[in-house]
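What follows is each chain in one-letter form.
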Amino acid sequence: MVLEQTITWHLACNTEDIPADGGACALIEGEQVAIYNFARRGEWYATQNLCPHRQQMALSRGMIGSTGAEAEPKVACPFHKKTFSLKSGECLSGDDYVIKTYPIKVENGQIFIGME
Amino acid sequence: MKKKIVVVGNGMVGYKFCEKLIAKDIAKKFEIIVFGEEIRPAYDRVHLSEYFAGKTVEDLTMAPTSWYAENDINLILSDPIVDIDREAKTVRSHHGLVKGYDYLVMATGSGAFVPPIPGVEKDGVFVYRTIEDLDLMQNHAKKATKGAVIGGGLLGLEAAKALLDLGLKEVHVIEFASRLMPRQIDEAGSRVLQAKLETLGLQIHLNKNTQEIVGDGIIEAMQFADGSRLDVDMLVISAGIKPRDEVAKVAGLEVGIRGGIVVNNALQTSDPNIFAIGECALAHHMIYGLVAPGYEMAEVVATKIIGGEKEFMPFDMSTKLKLIGVDVASFGDAFIQEPNAQTIVFENSAKGIYKRINISNDGKYLLGGVLVGDAEQYNMLLQNTKNKTILPADPEDLMLGARGGSEGGASGVMALPDEALICSCEAVTKGGICHEIIENKVTTLDGIKKCTKAGTGCGGCVPMVKDLINETMKSQGVFVRNILCEHFDYTRQELFDLVKIKGYKTYNDVLDHLGKGDGCEVCKPAVASIIASLWNEMILEKGNATVQDSNDRFLANIQKNGTYSVVPRIPGGEITPEKLIVIGQVALKYNLYTKITGGQRIDLFGAHVSDLPEIWEELVNAGFESGHAYGKSLRTVKSCVGSTWCRFGVQDAVSFAIEVEERYRGLRSPHKLKSAVSGCTRECAEAQSKDFGIIATEKGWNLYVCGNGGVKPRHAELLATDIDSATCLQYIDRFLMFYIKTAEPLTRTAPWLDKMEGGINYLKSVVIDDVLGMGETWDAEMNLLVEAYKCEWKEVVENPELRKRFTHFVNAPKVKDPNAKFEPMREMVKAAEWK
Ligand SMILES: Cc1cc2nc3c(=O)[nH]c(=O)nc-3n(C[C@H](O)[C@H](O)[C@H](O)COP(=O)(O)OP(=O)(O)OC[C@H]3O[C@@H](n4cnc5c(N)ncnc54)[C@H](O)[C@@H]3O)c2cc1C
Ligand code: SF4
Ligand code: SF4
Ligand code: FES
């Protein structure tokens, strides 16, 4: 509740700009934001586009999927296949990285990213 | 003073004896001297034939000389013992060394028995026993085309296989008896084996008595007693073994009428201070011509010397033959028949399978049997025989394998008692192996080999050890099948077949019907590759784009700063000046770094995602197409200039390379594929380091398969010789279809072949002799794929929907990634170093 009030929603793009079960990158307030269309589950996620491993702007081009009993949604960096949770941003392949995740909402075919 | 042990002979058994002494930790209490006649320390004779398949002397060596030194064993090589003075208890060597002994161990093995046929001394006539024999054969085979082997027994058939491996065009097996392997398998089994071997290219002659070996100094033909004659330029004699008892005999030890040093149950010769072990020993009135009983003898004598009690009991002579893609095995009492036992026989002559089991009259126990064509159940049957397991109600199930999905009931590995001997060479029990798996968490075959030595002798128990590992882990609740990932409970091959049968064409279809969850970066590209291999449709359509590896998704290779490299196809490395100019212009326009690749084409580096469709458009308009450098698919077919310009060339290598490259371009496979064509044997195109390589001969082409460069370089192996272009393409078609269908994801052809039971010979039988009966199907499937080929770049260029996806920012398509940084290098640029 408190969160809702402190963030501003920025229009990123239209839903059809992001391929089903994949991602694409949008430029918002100078930040590169990776947006994922988890079509299989009807869910949307957003994270930083930068892979912390080798500082590559690449996560939006990675493959998404899920892992474990809880079906944690994740993305794999195309460079060295490090994986990150789309929910918490935690690295799932054993490193200490945490990537930034953004609140995301879809209204009338438009995607909005929440920033503080 | 330390007691002295002298070992005569450093073969497999002599070596094992030393190892046993050390294992018993008594080596230090004795002075040990070993005399060996051969120039090198003991090596694995059982796997001698693998020398022709690329194993080196080091690979085959049981232990290096340093091992003997570390263990204080005095190893004297190239110096055979010629005399024993039993009064003085000394031995004398060829070079005149005289050494005293307290215990003398004869481990002189045996030599090949060469029957007194006139002409055996001629050039081109060989025996098959030592590494030197193999070196001589290898040299001679280079100029030979027609070979023969005298003897259709276990070793003879192995020698015949070796001749095929050496590339001889015709290989004959001459057997004096009326059937093959008369000592191991019965009449009916021999018939089936013979038919099977004939389909693999061996010509078998039974009831043939060789009278003379004809030729002027060098072998030209064989003359038989029945008046017939066979032209050959190479002959291997494998008519049996002759125990090396000559020194023992001169020393007055008792030897058998047909050879062999007579020993009692303690393996003592007629002189109690002298023992004989291995193939030179005549125990229980027989020579045990296998390594497992030899190792047991080594154990008995080692135990005896330290004062323990152990006797050598009649030993099981069950064997499984490691032959040319045909399984042959016999176990227990293979020949016992009614009225002393009941026999059950199964024969499928169309498939070349014969199985027989002999059961006690009360139906309770398995006594022995014969397997030809399919010996999968060998280990289980052998175990059931040895352990006197009470048979199930339908004993034929044991022989036919479980039907209807049941796990074979009480006959599975897990049902065996803990003391069941799994590896008889090294005397390792089931309990011993399971202990390592459960207590020490050793769960790989290599690990088990290391810690228990199981499977390091004749290797026959390896499948059973694998089963034990899998079953034990399963019983521990560990999941072991080689499945794709957490989302698919299938192996790649199973999935391939299912997708094909069901006709699924999208990843989501496959996941919905065959998998669970949402997929991941492991199964997505694997399934994408299967779909592409099966249907060869545009990989970016039908929602399949996002399941491709990033490189496939963007039809280009991602590089260090997030930009891409672009590689147009340049078939066979042939390019016109006009096209070269276009590449130069494109590179200038988009500021790309250009480099000639190892595959004879040109790589353009540093392209922004949003520039890719435009770059492709310019290239496609100039007549280029995608080079698939990004895909797990055919990369290049390298070529040398061949007979069109080169003064040595015998065929037009470039034209054929272009034809090959255009045939297989775009073909999706488990891993990348590389190829090359050389215009003569000088091999300037390095075809033997490729997944499939072609080398011109006077008569056509030689086809090599399963080579690669990379981390673990591998020489390709010869698949076929002197074939014409059409046959060459057909063999490649079949080879590739077989690989695509059966390889695990991301497995290149070389490791795929390594894992294949029967190796290159089996591959030959599949590709050339079509033993699987799949040839025509694969030909047709490949033709469909070839016809379905389209250039992927062109499709993107012409499809606005697809084209739209090639941007860095969806909300600012014109803006390039500001993080994609370059640094100057010589006259061009390079990607900025990453942190
Ligand atoms: C091609 C081939 C395939 C085989 N396949 C199998 C198989 O699949 N399964 C199986 O169980 N068995 C197989 N065998 C048989 C197996 O190799 C033998 O049983 C085993 O090698 C016997 O060991 P050994 O030490 O008794 O004799 P060897 O290994 O022959 O060693 C004896 C050594 O003693 C040396 N020597 C002889 N006289 C003297 C002397 N006076 N002084 C010093 N040194 C001397 C010899 O030069 C030799 O190096 C195969 C054999 C061959 C040739
Ligand atoms: S392989 Fe033979 S034909 Fe080709 S370039 Fe070399 S020498 Fe000439
Ligand atoms: S050898 Fe290594 S550095 Fe060179 S291209 Fe291949 S992967 Fe890159
Ligand atoms: S840069 Fe992302 S995993 Fe290495």
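Residues numbered from 1 in each chain as written. Chains lettered and ligands numbered in written order. Predicted model: local features only at pLDDT ≥ 70, side-chain atom pairs only at ≥ 80, totals over all residues. Heavy atoms only, no water.

Quick look at the overall build of chain B now. Assigned secondary structure in chain B consists of 26 helices and 39 strands. Among the 835 residues that make up chain B, the fraction classed as buried is 55%. Taking contacts inside chain B between residues at least 6 apart in sequence as the whole, the part at least 24 apart equals 63%. When the accessible surface of chain B is summed, it comes to about 35,800 Å², and 51% of that surface belongs to carbon and sulfur atoms. (Helix = DSSP H or I, 4+ residues; strand = E, 2+ residues; numbered from the N terminus. Buried < 20%, exposed > 50% of the residue type's maximum accessible area, 1.4 Å probe, protein only. Contact = heavy atoms within 4.5 Å. Areas by Shrake-Rupley, 256 points an atom, 1.4 Å probe, with all protein chains shown as cover.)

What follows covers the packing of helix 1 (residues 12-23) of chain B against helix 8 (residues 291-305) of chain B. All names here are of chain B. In contact at an axis separation of 9 Å, helix 1 and helix 8 are set at 40° when each is read in the N-to-C sense. With respect to helix 8, the axis of helix 1 lies oblique. In the crossing of helix 1 with helix 8, the sense of the turn from one axis to the other is right-handed. Counted together, Met-12, Val-13, Lys-16, Phe-17, Lys-20 and Leu-21 of helix 1 and Val-291, Gly-294, Tyr-295, Ala-298, Glu-299, Val-301, Ala-302 and Ile-305 of helix 8 form the full contact between these two elements. (Axes fitted to C-alpha atoms, helices over the stretch in contact; angles between N-to-C directions. Parallel < 35°, antiparallel > 145°, perpendicular 65-115°, else oblique. Left-handed = near helix turned anticlockwise from the far one by under 90°.)

Around ligand 2 sit Cys640(B), Gly642(B), Cys646(B), Phe648(B), Gly649(B), Gly679(B), Cys680(B), Arg682(B), Glu683(B) and Cys684(B), and that is every residue in its neighbourhood. For the shell around ligand 2, a count of residues per class yields five nonpolar, three polar and two charged. (Near = heavy atom within 4 Å. Nonpolar A, V, L, I, M, F, W, Y, C, P; charged D, E, K, R; others polar.)

Take the side chain of Arg553(B) next. The topology assignment puts Arg553(B) in helix 17 (residues 550-554). Salt bridges are absent for the buried Arg553(B), whose nearest opposite-charge side chain, Asp549(B), sits at 10 Å. Dropping the residues within four chain positions of it, Arg553(B) is found in contact with Pro19(A), Gly23(A), Ser60(A), Arg61(A), Gly62(A), Leu540(B), Ala545(B), Thr546(B), Gln548(B) and Phe806(B). (Lys, Arg positive; Asp, Glu negative; His and termini not counted. Salt bridge = Lys/Arg side-chain N within 4 Å of Asp/Glu carboxyl O.)

A few words now on the packing of aromatic side chains. All names here are of chain B. Enumeration over the complete set of coordinates arrives at 19 aromatic pairs over all chains. Between Phe-312 and Phe-315 the ring centres are 6.2 Å apart and the planes differ by 0°, which places this aromatic pair in the stacked class. Pair check on accessibility: Phe-312 and Phe-315 agree, each one buried. Measuring from ring centre to ring centre gives 5.3 Å for Trp-616 and Phe-806, while their planes differ by 80°; the resulting arrangement is edge-to-face. In this pair, Trp-616 sits in helix 19 (residues 612-621) while Phe-806 sits in the loop between helix 26 (800-803) and strand 38 (822-825), placing the two residues 190 residues apart along the sequence. You can call Trp-616 buried: its relative accessible area is 0%. What links up through ring pairs into an aromatic cluster is the set Phe-554, Tyr-564, Trp-616, Trp-793 and Phe-806. Over the ring of Tyr-295 we find Lys-16; its NZ or CZ atom is 4.5 Å from the centre of that ring. (Phe/Tyr/Trp six-rings, centres within 6.5 Å; stacked < 30°, edge-to-face > 60°. Lys NZ or Arg CZ within 6 Å of the ring centre and 35° of its normal.)

The next point concerns the layout of surface pockets. Of the pockets and cavities examined, the second largest pocket occupies roughly 730 Å³. Lining the second largest pocket are 35 residues, and of these Lys81(A), Pro525(B), Asp549(B), Lys632(B) and Leu746(B) sit closest to its centre. Contributing elements (two or more residues each) for the lining of the second largest pocket: helix 16 (523-535), helix 17 and strand 29 (557-558) of chain B. For the lining of the second largest pocket, the element with the most residues is helix 16 of chain B, which contributes five residues. A domain-level breakdown of the lining of the second largest pocket finds at least three residues from each of domain 4 (492-548) and domain 5 (640-773) of chain B. (1 Å grid on protein atoms, 1.4 Å probe; cavity = no way out; pocket = protein on both sides within 12 Å on 5 of 7 lines; lining within 4 Å. Points joined across faces, edges and corners; volume = space filled by probe spheres on them. Domains from an automatic or database assignment.)

Residues and elements named next belong to chain B. All chains considered together, the criterion is met by 48 salt bridges over all chains. The shortest N-O distance in the salt bridge between Asp-165 and Lys-161 comes to 4.0 Å. Of this pair, Asp-165 and Lys-161 both sit in helix 5 (residues 154-165), separated by four residues, roughly a single helical turn. Assessed through its relative accessible area of 24%, Asp-165 is described here as partly exposed. Taking the relative accessible area as the measure of exposure, Lys-161 reaches 16% and is therefore buried. Here Glu-833 ties to Lys-560 by a salt bridge, and the two come within 3.0 Å at their closest N and O atoms. Highlighted residues: Glu-833 in the segment after strand 39 (828-831) and Lys-560 in the loop between strand 29 and strand 30 (564-566), separated in sequence by 273 residues. For Lys-560, a relative accessible area of 29% translates into the label partly exposed.

In this section: the pairing of strand 38 of chain B. Residue and element names in this part refer to chain B. Note that strand 38 and strand 39 share four bridges and pair antiparallel. Following the sheet pairing, Met-825 is matched in strand 39 by Met-828. A loop of two residues connects strand 38 with strand 39, the two strands running antiparallel in sequence, and Arg-826 in this loop sits at a positive phi of about 40°. (Pairing = 2+ DSSP bridges.)

All names here are of chain B. Within the secondary structure layout, Gly-666 lies in the loop between helix 20 (653-664) and strand 34 (673-678). Each C-alpha atom, one on Gly-666 and one on Tyr-789, is 6.7 Å from the other, the two residues being 123 residues apart in sequence. Apart from the residues lying within four places of it in its own chain, the contact partners of Gly-666 are Asn-536, Arg-569, His-628, Ser-633 and Tyr-789.

With that settled, consider the sheet that holds strand 1 (residues 8-14) of chain A. Residue and element names in this part refer to chain A. Read across the sheet, three strands follow the order 1-12-11 without closing on themselves; strand pairing throughout is antiparallel. Edge positions in the sheet fall to strand 1 and strand 11 (104-107), since each of these pairs with one other strand and no more. Shown here is a sheet whose adjacent strand axes are inclined to one another by a mean of 30°, direction ignored. Summarising the sheet, strand 1 and strand 12 (residues 110-115) pair through six bridges and their orientation is antiparallel. Residue pairing in the sheet places Cys-13 in a bridge with Ile-111 of strand 12.

What follows covers the interface of chain B and chain A. Put simply, an interface is often sized by how much accessible area is lost when its parts join up. Taken together, the contact between chain B and chain A spans 36 residues of the former and 43 residues of the latter. Interface area for chain B against chain A, summed over the two sides, is near 3,100 Å², with a carbon-plus-sulfur share of 48%. One can count five salt bridges joining chain B with chain A. For Arg40(A), the salt bridge identified is with Asp512(B), shortest N-O distance 2.9 Å. Where chain B meets chain A, there are 24 residue pairs in polar contact (both at pLDDT 80 or more). At the level of secondary structure, the elements contributing two or more residues to the side of chain B that touches chain A comprise helix 15 (507-514), helix 16 and helix 17 of chain B. Across the side of chain B that touches chain A, the residue classes tally to twelve nonpolar, 13 polar and eleven charged. (Buried area = accessible area lost by both parts, 1.4 Å probe. Polar contact = N/O pair within 3.5 Å; in protein donor to acceptor, adjacent residues only side chain to side chain.)

Of all the residues in helix 15 of chain B, the buried ones are Tyr507(B), Val510(B), Leu511(B) and Leu514(B). Burial along helix 15 of chain B is one-sided: seen end-on, the buried residues are contained in an arc of 100°. (Arc of directions from axis to C-beta.)

Low pLDDT means the predicted coordinates in that region are not meant to be read closely. The pLDDT averaged across chain A works out to 90; a share of 96% of its residues lies at or above 70. Across chain A, the element-wise mean pLDDT spans from 56 in helix 1 (residues 2-6) of chain A up to 96 in strand 4 (residues 43-48) of chain A. (pLDDT = per-residue confidence, 0-100.)

For the rest of this paragraph, the subject is the sheet that holds strand 4 (residues 81-85) of chain B. All names here are of chain B. Pairing in this open sheet of three strands is antiparallel, and the strands run 4-5-6 from one edge to the other. The open sheet terminates on both sides in strands that have one partner only, identified here as strand 4 and strand 6 (98-100). Taking each pair of neighbouring strands and ignoring which way they run, the sheet shows an average axis angle of 25°. Both strand 4 and strand 5 (residues 90-93) contribute to a ladder of four bridges, which runs antiparallel. Its bridge partner being in strand 5, Ile-81 is matched across the sheet by Ser-93.

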